[in-house]
Every structure is written in structure tokens, then in C-alpha cells.
Amino acid sequence: MKTIAIDGFSSTGKSTVAKQLAKQLGYVYIDSGAMYRAVTLFALQHGLFVDNQIDKAGLVSELDQIDIDFNFDLNDQKSHIYLNSQNVEHLIRGMEVSSRVSHVAAIPEVREKLVALQRKMSKTQNVIMDGRDIGSVVFPNADFKFFMTATPEERARRRFKELKAKGDDISFEEVLENLKMRDDIDSSRSHSPLIQTEDAIVIDNTTLSQQEQLQLMRSYIDNYL
Ligand code: CDP
């Protein structure tokens, strides 16, 4: 089975390009960030944030109660994430989860559970997975590793536009602050920090259109697949 890993900072367009590549190549797209978001939603729903701090021991003791799955929706032709049989695709995208997810993702036991699940998903199908530790930890032998980057301002601009379009009442500054905070926590945590591996192809898409970026990544893949 083949694997393509796409890592990088928040809002660098990883999922957009991963979905496009998956469609073109006939691979299954797996959004690993959605899995960390779903665990964060579970913690919120179960009162595991006390004074806005995650109760680590409490969450770890309930990890066995968390079941995460992806199901393809025939109506919108997209894969949706399910938390304990409930479709939570929309619930996990808001600021309530975004502002807390990096603290949850820094917990080793959470990562171990999700990494095991991610590896299992790649056993029987060709996958393209995006996240922070895909090329470094989940699939160190991936067929391709991409590392996406862009300036924080450009990334915040894109995410702000996306959230506004969904009707979220949020300021540009809040979005920028959230991105910078997550980048900071994700890069400095001791367990599986976000790093650029030596064998990753770096894509800086600050000034690239989606089409240009897709073509650039295809040019690497097509030469070797
Ligand atoms: O799409 P966006 O860049 O906002 O983030 P995401 O991919 O949905 O991931 C949300 C958060 O989950 C990240 O900020 C990380 O804290 C965490 N994450 C992680 O630690 N490892 C991964 N493989 C994927 C996400």
C-alpha cells in the first residue's frame, strides 16, 4: 500500500490539496487533525476542561470510551468524521475546539491512541494523510512527504475568510493569534513535535494559487509513482 504524508503549520492548505490529490490519484484522504479535534470535542462534552485547562488524567482514563471513524457521505461526496457514531464534522471546526485542540494533542496517550488508528487505516488502502507528525512519526517510510508552509498573515487571511463564510463571528486578529498559538505549541511539545523532516519536499504556497500548488505537487509525484 502507498502512503503520502502532508505536514505543516496551521491553515497552510494541507487538507485542500490532500483532497484534490486523493481524488486524482484514487487514494483515501485521512484528516488526522480532525481526529485530535474529535478527542477535544469529547473532552468538552464530558466536562474535562476545568478553568479552561484540560484535565489530562481524566481524559486519559476515558480514552477507551472514544471511538473515531470516518464515513463517506454519498450526498456531498465527502468523508465525515464520527465520534461515537455521531457525525461531528461541523462541530469540530469552531473556535471552541480550535482554541483547545493543541493542548489535547500534546498528551502522549492521546497521540498513541490516534497514531495506532491512523496506521491501521493505511493497512488496506492507499492513503494520503495530513497533519503535523505524519512524515516524522506515523509513516516515516511514506512514499512522499510534503511540508507545507506560508506566512502567518496569509494563512490567517485564508482561515478568516473560511470562518466568515461559515458565519462565524470572529476577528482577523483572533484567527491570527490562534494560528500562532497552535504553531507554537505544536512545534515545541515534547511528544512528536511538528518538524520538517530532511526527506520532505517543502512547498511554500504564500504566493501560489491552488492550481499552481497542485501542479507543483503532481510534478513530484508523477515522476516517481
Ligand atoms: O486545519 P488546521 O491547520 O487548523 O489544523 P488541523 O489539521 O485540523 O489540526 C488541529 C490541531 O490538531 C493542530 O493544531 C495540532 O495541535 C493537532 N494535530 C496534531 O498534533 N497532529 C496531527 N497529526 C494533526 C493535528
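Use the structure listed above.
Bear in mind the structure is a predicted one, so any value in this text is a computation, not a measurement.

Draft legend 1. Broad picture of the site of the ligand. Taken together, 19 residues form the shell around the ligand, and within it Arg-37, Arg-111, Asp-133, Asp-186 and Arg-189 come nearest. Contacts to the ligand include Ser-11, whose backbone N or O atom sits 2.9 Å from an oxygen atom. Between Arg-159 and the ligand, the recorded distance is 2.9 Å, taken from a side-chain N or O atom to an oxygen atom. Relative to its unbound accessible surface of 530 Å², the ligand loses 96% to contact with the protein.

Draft legend 2. The arrangement of the packing of aromatic side chains in detail. Enumeration over the complete set of coordinates arrives at five aromatic pairs. One aromatic cluster in this structure is built from Phe-144, Phe-146, Tyr-220 and Tyr-224. The positively charged end of Arg-100 is found above the aromatic ring belonging to Phe-49, 5.4 Å away from the centroid.

Draft legend 3. Quick peek at the sheet that holds strand S1 (residues 3-8). Reading across the sheet, the five strands line up as S2-S8-S1-S9-S10 and stay open at both edges, with parallel pairing between neighbours. Two strands close off the open sheet at either side, each with one partner strand: strand S2 (28-31) and strand S10 (201-204). The average undirected angle you get between the axes of adjacent strands in this sheet is 20°. Alignment of S2 against strand S8 (residues 127-131), held across four bridges, turns out to be parallel. Its bridge partner lying in S8, Ile-30 is registered against Met-129. In the packing of helix H1 (residues 14-25) onto the sheet, contacts are made with S1, S2, S8 and strand S9 (144-149), and the angle to S1 comes to roughly 165°.

Draft legend 4. A look at empty space enclosed by the protein. Overall, the coordinates contain one cavity of 30 Å³ or more when judged by the stated rule. Of the voids in this model, the largest cavity is the one considered here, and its volume is about 40 Å³. Lining the largest cavity, in full, are Asp-7, Gly-135, Lys-145, Phe-146, Phe-147, Ile-195, Gln-196, Thr-197 and Ala-200. For the lining of the largest cavity, the element with the most residues is S9, which contributes three residues. Class assignment for the residues of the lining of the largest cavity results in four nonpolar, three polar and two charged.

Draft legend 5. Expanded view of the side chain of Arg-37. Here Arg-37 lies in helix H2 (residues 32-45). Despite its burial, Arg-37 pairs with no opposite charge; the closest candidate is Asp-31, at 6.4 Å N-O. At a separation of 3.0 Å, a polar atom in the side chain of Arg-37 contacts the main-chain carbonyl oxygen of Ile-92. Filtering out sequence-adjacent residues up to four positions away, Arg-37 remains in contact with Ile-92, Arg-93, Val-97, Ser-98, Val-101, Arg-159 and Arg-182.

Analysis parameters
Residues numbered from 1 in each chain as written. Predicted model: local features only at pLDDT ≥ 70, side-chain atom pairs only at ≥ 80, totals over all residues. Heavy atoms only, no water. Near = heavy atom within 4 Å. Polar contact = N/O pair within 3.5 Å; in protein donor to acceptor, adjacent residues only side chain to side chain. Areas by Shrake-Rupley, 256 points an atom, 1.4 Å probe, with all protein chains shown as cover. Phe/Tyr/Trp six-rings, centres within 6.5 Å; stacked < 30°, edge-to-face > 60°. Lys NZ or Arg CZ within 6 Å of the ring centre and 35° of its normal. Pairing = 2+ DSSP bridges. Helix = DSSP H or I, 4+ residues; strand = E, 2+ residues; numbered from the N terminus. Axes fitted to C-alpha atoms, helices over the stretch in contact; angles between N-to-C directions. Contact = heavy atoms within 4.5 Å. 1 Å grid on protein atoms, 1.4 Å probe; cavity = no way out; pocket = protein on both sides within 12 Å on 5 of 7 lines; lining within 4 Å. Points joined across faces, edges and corners; volume = space filled by probe spheres on them. Nonpolar A, V, L, I, M, F, W, Y, C, P; charged D, E, K, R; others polar. Buried < 20%, exposed > 50% of the residue type's maximum accessible area, 1.4 Å probe, protein only. Lys, Arg positive; Asp, Glu negative; His and termini not counted. Salt bridge = Lys/Arg side-chain N within 4 Å of Asp/Glu carboxyl O.

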